[in-house]
Amino acid sequence: MVPVTLAKSLVEICGRDGVILDEERLLVYESDALTAYRHRPGAVVLPRSTDQVQGAVRAIAEHGLPIVPRGAGTGLSGGAVALDGAVVIGTARMNRILDIDAPNRRAVLQPGVINAELSVAAGAHGLYYAPDPSSQTACTIGGNVAENSGGPHCLKYGVTSRYVTGLAVVLADGSMVRLGGQGRESPGYDLVGLFVGSEGCFGIATEIEVGLLPVPEGVCTLLGIFDRIDDAGQAVSDIVGAGLLPAALEIIDGPTIRAVEDSVFAAGYPIDAEAALVIEFDGMEAGLEHDAERAAALCALAGAREVRTARDEDERMALWKGRKKAFGAMGRIAPDLLVQDATVPRTTLPSILRGISDIGQRYDLVVANVFHAGDGNLHPNILFDRRDEHELERVERASKEIMQLCVDSGGTITGEHGVGLDKKHHMDLIYGPDELDAMWQVRRVFDPGGVMNPGKVLPEDTGPAEGAGLPEGIGGD
Amino acid sequence: MSTPAHALASAVRKQEQGLLNCVHCGFCLPACPTYRRLGDEADSPRGRLYLMQAVVEGRLDPGAEAFQTHIGRCLGCRACEPVCPSGVEYGHLLELARQVGGNARRPPFLARMLLRVFGTAWLARPAMFAGRAMRATGLPTLLTRILAGRRPPKGARLAVAMLAASAPPPPLPGRTEGRPATVPQRETGDKPTVGVLAGCVQAGLFGRVNQATVRVLQANGYRVVSVPNQGCCGALHAHGGDLETARSLARRNLEAFEAAGVDFVAMNASGCGAAMADYGSLLADDEELAPRARALAGKIRDISQLLAERGPVPGGTVPLKVTYDAPCHLLHAQGVAEPPARVLDSIPGLEVVPLPGAAECCGGAGIYGLTNPRLGGWIGSDKVQSVLGTGAAALITGNPGCMMQIGAGLALTGAGIPVLHLVELLDESYRRGGLYGEVDR
């Protein structure tokens with residue numbers, strides 16, 4: 001519950017229907033798509049404009065309460081969960097595409113625009129927005145900016161940070177700053193690059209300028225079927241090693257195949273296979289087929305049972321649908337899942353996959369893998385039922401071991417889902433105290449008071465000592 | 001007889017398995033018409049499931065404002081089901097949640113009264129007669145014309161306009177005057193036997209659609225038999241959480257259609273079709289009736305499915321530009337997407353233009369216009385704007401609720417675009433094509 005005076009000002013700013021104060025209505029904002037963490041916010045504000053965001057931030061800051069920005073709540077690291085009665089600022093109502101500047105291949109959007117809907121709108125001009133997280137039909141661009149989201153096609157096209165060229169950001173004191181804008185390069189330091197991936201700790205982006213790409217002339221999608229997941233991992237390593245540049249290279253393992261095939265998004269993957277490898281090439285028509293043939297040959301060499309080519313757009317879409325909805329389809333196996341997001345060097349994929357499978361067996365847990373193999377970005381999904389406390393404990397231990405395994409082989413703890421709440425305590429696996437301290441200092445530049453999304457990303461016990469001369473905020477009206 | 005407390009406990013137990021499938025991925029959010037407009041996650045399928053889960057866990061009282069408001073605000077369009085990777089049976093859970101909510105707090109008087117009327121033949125008949133009599137005076141049409149162009153339709157104005165919208169459409173271009181001659185039934189053994197659900201609203205206000213249904217079925221080689229003692233399908237009761245009444249109505253229809261010995265039951269109201277196709281689940285707890293209910297549910301076909309299976313046979317030319325709005329309970333609840341398009345494609349001279357947002361609910365949603373007039377009106381006017389944007393001269397759909405909701409909305413804009421049931425249009429094509437024999441002039 002927030003103080004009455006704050007409730008009153010929020011209602012004045014965002015209207016009666018723009019503020020949620022009722023304890024019971026706030027229940028639904030307890031968690032994002034990672035349900036292991038549940039914390040009820042003090043209030044939820046649903047502003048419609050940058051002005052309203054500024055007003056709300058000022059009012060909340062005056063009352064000394066923390067602020068958590070939230071898009072569609074599809075995040076997988078607990079980043080949009082409100083700790084300590086924080087006030088959630090949701091961007092769902094800021095969902096307008098403000099401008100599509102087709103000749104300059106640029107769009108300006110409000111943060112609540114849904115990723116896939118931007119591509120639909122841009123499609124009228126023969127353009128699209130490249131980063132395609134698996135949740136793209138639901139997740140928002142604002143959330144993508146916060147998490148620096150990736151997606152299957154980021155293997156070739158790069159992640160969100162490559163496409164965001166300008167931002168209007170409301171800072172922790174309610175001031176608004178414009179970073180970058182009007183194209184790719186702005187002189188001076190790359191503050192846009194700094195902001196993208198800041199996980200709601202630096203401010204709230206209320207206007208986002210992104211670059212668009214022309215829709216590729218041709219697309220060719222292959223499906224390799226493997227009896228052993230290691231072989232699929234080897235094929236990935238071989239395809240990239242041979243100098244091919246697929247737009248996407250995705251592995252879906254046996255348990256995931258069976259969950260997907262059981263769902264409404266059945267893509268026709270054989271249910272007795274232990275791995276399916278989706279390979280996609282795009283670009284100019286000329287040369288596509290040649291690349292696809294080489295990739296198919298490499299799959300066969302690595303031990304593929306069969307390699308299929310999607311014959312038409314419908315088959316291609318079905319194939320992708322199976323991959324993109326895999327996460328949700330896990331609900332058919334178990335009620336809860338913990339999705340990991342570790343990234344490892346590509347060449348270590350076969351041994352890591354074996355290691356993960358061993359850990360799963362040791363803890364008697366089902367681990368389903370569906371991941372961006374080309375980037376070495378693993379998504380082991382540990383399936384469980386949170387009502388079983390003993391199982392929950394095994395899940396936590398297995399999760400930590402998997403992460404340690406990836407780090408030991410030269411990998412890192414997150415590829416695209418962000419650190420959030422879930423991986424904050426694993427940051428010291430990757431960084432030493434000096435590096436964490438440097439990150440704290442950057443964070444304090446944007447948010448000297450620690451108002452924005454506190455308790456996320458950086459472990460508290462690594463922070464700089466109190467009163468260690470914090471730099472001035474970069475804000476200003 | 002089950003007490004509310006008992007009903008609550010059993011509903012909760014039933015919900016448990018279904019709810020747990022939800023992994024909170026959020027893929028349903030953009031599919032939900034109420035979330036899209038309100039932006040509050042409590043008005044999304046995932047949010048509503050979370051509230052149901054909270055009731056199951058004992059963290060939320062089903063009488064609480066939060067539960068009542070957000071469960072009550074759901075259209076029940078089930079657009080969330082086809083996009084759910086985990087296959088959560090949202091529609092079933094919503095009905096149970098409404099039952100639990102209704103036990104905790106009585107639904108509004110008007111809603112209870114309407115359901116009572118629909119579910120009780122001796123009340124429904126005079127009510128529908130009164131409706132027809134009122135409609136025949138031409139007063140509703142006149143009033144609608146006067147009210148056109150003013151504030152968004154709601155309350156009494158919407159009711160008047162909906163009644164006016166249930167009236168037969170004006171003559172279509174190219175139409176020759178006359179009424180179709182009755183077709184003698186040719187009794188042959190190998191024709192599939194079909195019974196038609198007459199329905200309550202459909203029989204009361206859209207008798208012409210029922211008659212057209214019989215004619216187009218016969219023209220496509222089906223033997224249509226009459227099914228006495230049938231009644232309301234119980235869809236509105238189930239959606240409102242009155243599952244007991246829905247079950248007793250289902251039992252009556254089960255017996256009626258079994259006695260008629262039909263191969264298929266043809267549905268021309270997709271809300272009723274979805275409900276009857278679900279009789280197996282509705283009566284699952286009744287050991288004796290459950291297998292029979294499942295068997296009947298397996299015979300339920302939307303009229304468009306039966307027609308598409310036979311081609312359908314082509315009729316005469318209807319030179320008209322139309323657009324098609326997919327009823328939610330046909331597209332989302334029953335997954336019937338192609339057959340209506342095939343029927344439309346079979347009509348010579350017809351130009352079909354796509355309707356942007358055709359898959360989204362029109363806001364009719366049973367008695368939603370009464371329970372949530374403001375939001376229903378908002379969703380409805382978006383649909384109307386979309387229809388106007390296509391430049392179509394008529395809107396085609398397949399459910400009486402949608403016909404009245406969109407028809408009322410269109411009439412109130414003064415645009416003069418009629419709403420027709422798919423079979424009305426096909427029937428007209430057949431009449432022109434001489435499929436019914438000589439036209440009596």
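Residues numbered from 1 in each chain as written. Chains lettered and ligands numbered in written order. Predicted model: local features only at pLDDT ≥ 70, side-chain atom pairs only at ≥ 80, totals over all residues.

**Considering the overall build of chain A**
Now for step 1: Within chain A, the regular secondary structure consists of 14 helices and 18 strands.
Now for step 2: Against the 2.2 N^0.38 benchmark of 23 Å for 477 residues, chain A shows a C-alpha radius of gyration of 22 Å, consistent with a compact globule.
Now for step 3: Along the three orthogonal principal directions, the C-alpha set of chain A runs to about 65 × 60 × 45 Å.
Now for step 4: Across the 477 residues of chain A, 54% fall into the buried class.
Now for step 5: When contacts within chain A are restricted to residue pairs at least 6 apart in sequence, those whose partners lie at least 24 apart make up 72%. (Helix = DSSP H or I, 4+ residues; strand = E, 2+ residues; numbered from the N terminus. Rg over C-alpha atoms; globule rule 2.2 N^0.38 Å. Buried ≥ 20, exposed ≤ 12 C-beta atoms within 10 Å, placed from the backbone. Contact = placed C-beta atoms within 7 Å.)

**Here's the deal with the overall build of chain B**
Now for step 1: Each helix and strand in chain B was counted, giving 23 helices and eight strands.
Now for step 2: If you take every contact in chain B between residues at least 6 apart in sequence, the share linking residues at least 24 apart comes to 79%.

**What about the domain arrangement of chain B?**
All names here are of chain B.
Now for step 1: The domains assigned to chain B are domain 1 (4-104) and domain 2 (155-169 + 310-432).
Now for step 2: Placing the centre of domain 1 and that of domain 2 at their C-alpha centroids yields a distance of 28 Å.
Now for step 3: Domain 1 puts 13 residues into the contact, and the matching count from domain 2 is 14 residues.
Now for step 4: Here the side of domain 1 that touches domain 2 gets three residues from one element, more than from any other, and that element is helix α2 (residues 33-38).
Now for step 5: Of the residues that constitute the side of domain 1 that touches domain 2, the class distribution is five nonpolar, four polar and four charged. (Domains from an automatic or database assignment. Nonpolar A, V, L, I, M, F, W, Y, C, P; charged D, E, K, R; others polar.)

**A closer look at the interface of chain B and chain A**
Now for step 1: Each partner contributes residues to the interface: chain B has 27 residues there, and chain A has 32 residues.
Now for step 2: Every element with two or more residues in the side of chain B that touches chain A is listed here: α3 (45-56) and α4 (65-72) of chain B.
Now for step 3: Element by element, the count of residues in the side of chain B that touches chain A is highest for α3(B), at four residues.
Now for step 4: By residue class, the composition of the side of chain B that touches chain A is 17 nonpolar, seven polar and three charged.

**Topic: the sheet that holds strand β3 (residues 67-70) of chain A**
All names here are of chain A.
Now for step 1: Overall, mixed pairing links the four strands, which are arranged β1-β2-β4-β3 in an open sheet. Edge positions in the sheet fall to β1 (19-20) and β3, since each of these pairs with one other strand and no more.
Now for step 2: Of the strand pairs in this sheet, strand β2 (residues 43-45) and strand β4 (residues 87-90) are connected by three bridges, and their pairing is parallel. When the bridges of β4 are listed, Ala43 appears paired with Val87.
Now for step 3: Strands β1 and β2 of the sheet are contacted by helix α1 (residues 4-14), whose axis makes an angle of about 20 degrees with β2.
Now for step 4: Each of β2, β3 and β4 is contacted by helix α2 (residues 50-62), which is oriented at about 175 degrees to β4, the strand it contacts most. (Pairing = 2+ DSSP bridges. Axes fitted to C-alpha atoms, helices over the stretch in contact; angles between N-to-C directions.)

**As for the packing of helix α11 (residues 207-219) of chain B against helix α23 (residues 422-432) of chain B**
All names here are of chain B.
Now for step 1: It is at 9 Å that the axes of α11 and α23 come closest, and there the two elements cross at 55 degrees. Relative to α23, α11 is oriented oblique. Between α11 and α23 lies a crossing of left-handed hand. Facing α11, whose interface residues are Arg208, Val209, Ala212, Thr213, Arg215, Val216 and Ala219, α23 presents Val423, Glu424, Leu426, Asp427 and Tyr430.
Now for step 2: Split into classes, the residues belonging to the contact of α11 with α23 amount to seven nonpolar, one polar and four charged. (Parallel < 35°, antiparallel > 145°, perpendicular 65-115°, else oblique. Left-handed = near helix turned anticlockwise from the far one by under 90°.)

**With respect to the confidence of the model for chain A**
Now for step 1: When the pLDDT values of chain A are averaged, the result is 89; 96% of them are 70 or greater.
Now for step 2: Contacts for the low-pLDDT stretch residues 465-477 of chain A, under 50 throughout, to residues beyond four places or in other chains number 17 contacts. (pLDDT = per-residue confidence, 0-100.)

**Focus on the nonpolar core**
Now for step 1: Of all hydrophobic cores here, the largest spans 288 residues; its most connected members are A:Leu277, B:Leu51 and B:Met276.
Now for step 2: Examining the composition of this core, we find that eight residues originate from one element, helix α22 (residues 400-413) of chain B, more than from any other. (Core = buried A, V, L, I, M, F, W, Y, C linked by C-beta atoms within 7 Å.)

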